[in-house]
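Observations on the three-dimensional arrangement
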There are 2 protein chains.
Amino acid sequence: MDFVSHLTNNNIKPSLQRIKIFEYLYDNRKHPTVDTIYSNLVEDIPTLSKTTVYNTLKLFIDNGITATVTIEDNEVRYDAIMEEHAHFKCDTCGNVYDVEIDISTLKFKKIKAFKVETTNIYLKGKCNKC
Amino acid sequence: MDFVSHLTNNNIKPSLQRIKIFEYLYDNRKHPTVDTIYSNLVEDIPTLSKTTVYNTLKLFIDNGITATVTIEDNEVRYDAIMEEHAHFKCDTCGNVYDVEIDISTLKFKKIKAFKVETTNIYLKGKCNKC
DNA sequence: TCTAAATTTGTAATCATTACAATTTTATAA
DNA sequence: TTATAAAATTGTAATGATTACAAATTTAGA
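Every value quoted in this text rests on a predicted model; they were computed, and no experiment measured them.

This part is about the domain arrangement of chain A. Residue and element names in this part refer to chain A. According to the domain assignment, chain A contains domain 1 (3-79) and domain 2 (85-125). Distance from the C-alpha centre of domain 1 to the C-alpha centre of domain 2: 22 Å. Facing 9 residues of domain 1, the contacting portion of domain 2 comprises 11 residues. Of the roughly 820 Å² buried between domain 1 and domain 2, counting both surfaces, carbon and sulfur atoms make up 50%. For lysine 124, the salt bridge goes to glutamate 72, with nearest N and O atoms at 3.6 Å. For the side of domain 1 that touches domain 2, the secondary structure elements donating two or more residues are β1 (67-72) and β2 (75-79). Among the elements that take part in the side of domain 1 that touches domain 2, β1 stands out by supplying 5 residues, more than any other.

Okay, here's the thing in structure tokens:
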């Protein structure tokens with residue numbers, strides 16, 4: 001993945017901060033919170049501000065290269081994988097994993113009344129390590 | 001629905017506040033926020049405190065008669081309908097609707113690695129009124 | 001009725017997020 | 001290269017939802 005091209009292709013000027021934040025999201029795939037992103041990246045970029053992390057993530061979301069994961073009501077996580085997938089959170093270890101899924105198999109009733117544009121599927125339970 | 005029995009059957013002492021809050025959730029089915037619940041009920045119960053609304057909802061959740069709806073990352077909503085269903089939020093009017101769904105039709109790949117206990121499905125788009 | 005336990009309430013504290021202005025960096029044109 | 005404007009980043013303060021906690025009230029049982 002060429003992060004600079006990816007940002008540029010999505011109308012985002014590739015500053016150092018933006019490249020690093022996207023790279024972190026894309027490479028780690030752990031659906032981190034703002035605090036986690038900030039804590040990890042401030043080691044690389046000592047001047048980094050948490051406001052920049054917020055601003056940048058909002059920019060990414062507005063330009064369609066990042067999505068929020070709201071699997072818990074008290075923490076917002078971020079995800080740079082935009083292909084169709086669900087999320088599973090282990091109640092024991094707290095990790096959030098990607099789950100491949102075929103949303104087209106979902107059968108709704110009375111769904112004709114709505115024009116669905118986005119679908120989010122969140123699963124919880126216990127992972128095989130716990 | 002006999003709210004007093006429902007609370008009692010779930011080990012919740014049926015105080016006036018608890019009955020009214022559950023009744024509001026169950027009858028309105030609009031997936032309200034804490035503020036909405038408080039604003040509406042304080043007309044009936046002038047002494048009502050927002051802390052009581054928070055405490056009571058937490059009690060309901062712990063005892064399995066209420067669930068949170070985290071379809072947006074900046075607002076927590078509450079739902080007293082515990083039967084399997086998905087939620088649809090209209091991006092235009094902001095209303096959240098229940099959607100009947102058969103979760104058993106969902107086909108996961110590699111899901112064997114996880115023991116799924118709860119499933120939440122959130123849809124967004126445009127409703128037929130907007 | 002009396003006492004203890006449970007519930008409710010109001011206030012203060014906490015924490016994530018946003019607003020905003022100042023600073024720094026980048027891009028452009030002379 | 002230098003000057004200037006625009007964009008991006010930063011730090012601090014403000015906001016708003018939620019929680020902590022102690023006081024007040026209500027309920028239940030002896």
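Ranked by size, the top nonpolar core spans 24 residues in total, and within it Phe88 and Ile121 of chain A together with Phe88 and Ile121 of chain B carry the most contacts. Of all the elements in the fold, those that place two or more residues in this core are β3 (85-90), β4 (96-102) and β6 (114-127) of chain A together with β3 (85-90), β4 (96-102) and β6 (114-127) of chain B. Within the second largest apolar cluster, 21 residues are counted, among which are Ile12, Ile21, Val34 and Phe60 of chain B.

Summed over the entire model, instances satisfying the criterion amount to 13 aromatic pairs over all chains. Ring plane angle 20° and centroid distance 4.2 Å describe the contact between phenylalanine 114 of chain A and phenylalanine 88 of chain B, whose orientation is recorded as stacked. Within this pair, whereas phenylalanine 114 of chain A is found in strand β6, its partner phenylalanine 88 of chain B is found in strand β3, the two belonging to separate chains. As far as burial versus exposure is concerned, phenylalanine 114 of chain A and phenylalanine 88 of chain B are alike and both buried. Taken together, Phe3, Phe22, Tyr26 and Phe60 of chain A form an aromatic cluster joined through their ring pairs.

As a further point, take the protein's contact with DNA strand D. Taken together, the neighbourhood of DNA strand D is formed by 14 residues, with Ser15, Gln17, Thr47 and Thr52 of chain A together with Tyr54 of chain B sitting nearest. Considering the 4 Å shell around the protein, atoms of DNA strand D inside it are sugar or phosphate in 79% of instances. Within the backbone of serine 49 of chain A, an N or O atom sits 3.3 Å from a phosphate oxygen of DNA strand D. Note that a phosphate oxygen of DNA strand D is positioned 2.4 Å from one of the side-chain N or O atoms of tyrosine 54 of chain B. Of all the secondary-structure elements, those providing two or more residues to the surface near DNA strand D are α2 (16-28) and α4 (50-62) of chain A together with α4 (50-62) of chain B. Considering every element that reaches the surface near DNA strand D, the biggest residue donor is α4 of chain A, with 3 residues. Of the residues contributing to the surface near DNA strand D, the split by class is 3 nonpolar, 8 polar and 3 charged.

Each value, and the rule that gives it
- Sequence order sets the numbering: in each chain, residues are counted from 1 along the sequence as written.
- Numbering of ligands from 1 and lettering of chains from A proceed in the order in which they are written.
- For a predicted model such as this one, the threshold for reporting local features is a pLDDT of at least 70, and the threshold for listing and counting side-chain atom pairs is 80 or more; totals across whole chains, interfaces and linings nevertheless cover every residue.
- Calculation of side-chain values draws on the structure's entire complement of heavy atoms; hydrogens and water are dropped beforehand.
- Where each domain starts and ends follows an automatic or database-derived domain assignment.
- When checking whether two residues touch, look at their non-hydrogen atoms; a contact exists if any pair is within 4.5 Å.
- By buried area we mean the combined loss of accessible area, with a 1.4 Å probe, across both parts when two parts are placed together.
- Only one rule defines a salt bridge in this text: a Lys or Arg side-chain nitrogen within 4 Å of an Asp or Glu carboxyl oxygen.
- Helix and strand assignments follow DSSP, with helices taken as H or I runs no shorter than four residues and strands as E runs no shorter than two, numbered in order from the N terminus.
- The definition of a nonpolar core used throughout is a set of buried Ala, Val, Leu, Ile, Met, Phe, Trp, Tyr and Cys residues joined through side-chain atoms within 4.5 Å.
- Only protein chains enter the accessibility calculation, which uses a 1.4 Å probe; a residue is then buried when its area is under 20% of its type maximum, exposed when over 50%, and partly exposed in between.
- Centres within 6.5 Å are what make two rings of Phe, Tyr or Trp a pair, Trp counting through its six-membered ring; a difference in plane orientation under 30 degrees is then read as stacked, over 60 as edge-to-face, and the rest as tilted.
- Each residue is tested against the molecule or strand, and it is near if at least one of its non-hydrogen atoms lies within 4 Å.
- Here a polar contact is taken to be a pair of N or O atoms separated by no more than 3.5 Å, where protein atoms must pair a possible hydrogen donor with a possible acceptor and residues adjacent in sequence count only if both atoms sit in side chains.
- Lys, Arg, Asp and Glu make up the charged group, whereas Ala, Val, Leu, Ile, Met, Phe, Trp, Tyr, Cys and Pro make up the nonpolar group; the residues left over, Gly among them, are polar.

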